[in-house]
Amino acid sequence: MWFSRKKQPPIRSLIGEGTAVHGELRFSEGLRVDGEVIGDVIAAGDGASLVVISENARIMGKVIAGHVIINGEVHGPVASSELLELQPKARIVGDVHYHALEMHQGAKIDGELRHASATDDKPTLKLAASNDH
């Protein structure tokens, strides 16, 4: 797959364990969250972005980035424009929008899973409605 060959952006920001951030958090390139964020976590700009939510981390808000790796808790919607990796201890309460998904055994989602093409203006059942019959 094309995204696995791309060089991941460097992690330039860290929310350490025992740290709580209240409010919207915008970042560029890479962010690792080991603590708690009460607010949205959003990748800024058009460049490649990576957010890592570690096992003890908790986000209460939406998460939007290109490459999203979750092994902690997210209470809010998650949108990944490239790859969403849900590791064994991932817990999501909210809808998930993804382009590509890797989900490990043990990960849990309480919400809808939607592929990126399902959000396009194109009909989602185009092949089922074919006029070739």
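Shown above is the structure to which this text applies.
Residues numbered from 1 in each chain as written. Predicted model: local features only at pLDDT ≥ 70, side-chain atom pairs only at ≥ 80, totals over all residues. Heavy atoms only, no water.

Brief notes about the nonpolar core
No. 1: Counting residues in hydrophobic clusters, the biggest one holds 25 residues, and the most contacted among them are V41, V51, V63, I70 and V78.
No. 2: Those elements that provide at least two residues to this core are β3 (25-27), β4 (30-33), β6 (41-43), β7 (50-53), β9 (63-70), β11 (78-86) and β13 (96-98).
No. 3: With four residues, the single largest contributor to this core is β9.
No. 4: Residues in contact with V78, not counting those within four places in the same chain, are V63, V68, I70, L84, I92, D95, V96 and H97. (Core = buried A, V, L, I, M, F, W, Y, C linked by side-chain atoms within 4.5 Å. Buried < 20%, exposed > 50% of the residue type's maximum accessible area, 1.4 Å probe, protein only. Helix = DSSP H or I, 4+ residues; strand = E, 2+ residues; numbered from the N terminus. Contact = heavy atoms within 4.5 Å.)

Details of the pattern of salt bridges
Pairs may arise between side chains of opposite charge once their charged atoms sit close together.
No. 1: Per the stated rule, a full pass over the model turns up six salt bridges.
No. 2: The closest approach of N and O atoms between E29 and R12, which form a salt bridge, is 2.3 Å. One end of the pair, E29, is in the loop between β3 and β4; the other, R12, is in strand β1 (residues 11-15), with 17 residues separating them in the sequence.
No. 3: Among the residues examined, E29 registers a relative accessible area of 29% and is labelled partly exposed. (Salt bridge = Lys/Arg side-chain N within 4 Å of Asp/Glu carboxyl O.)

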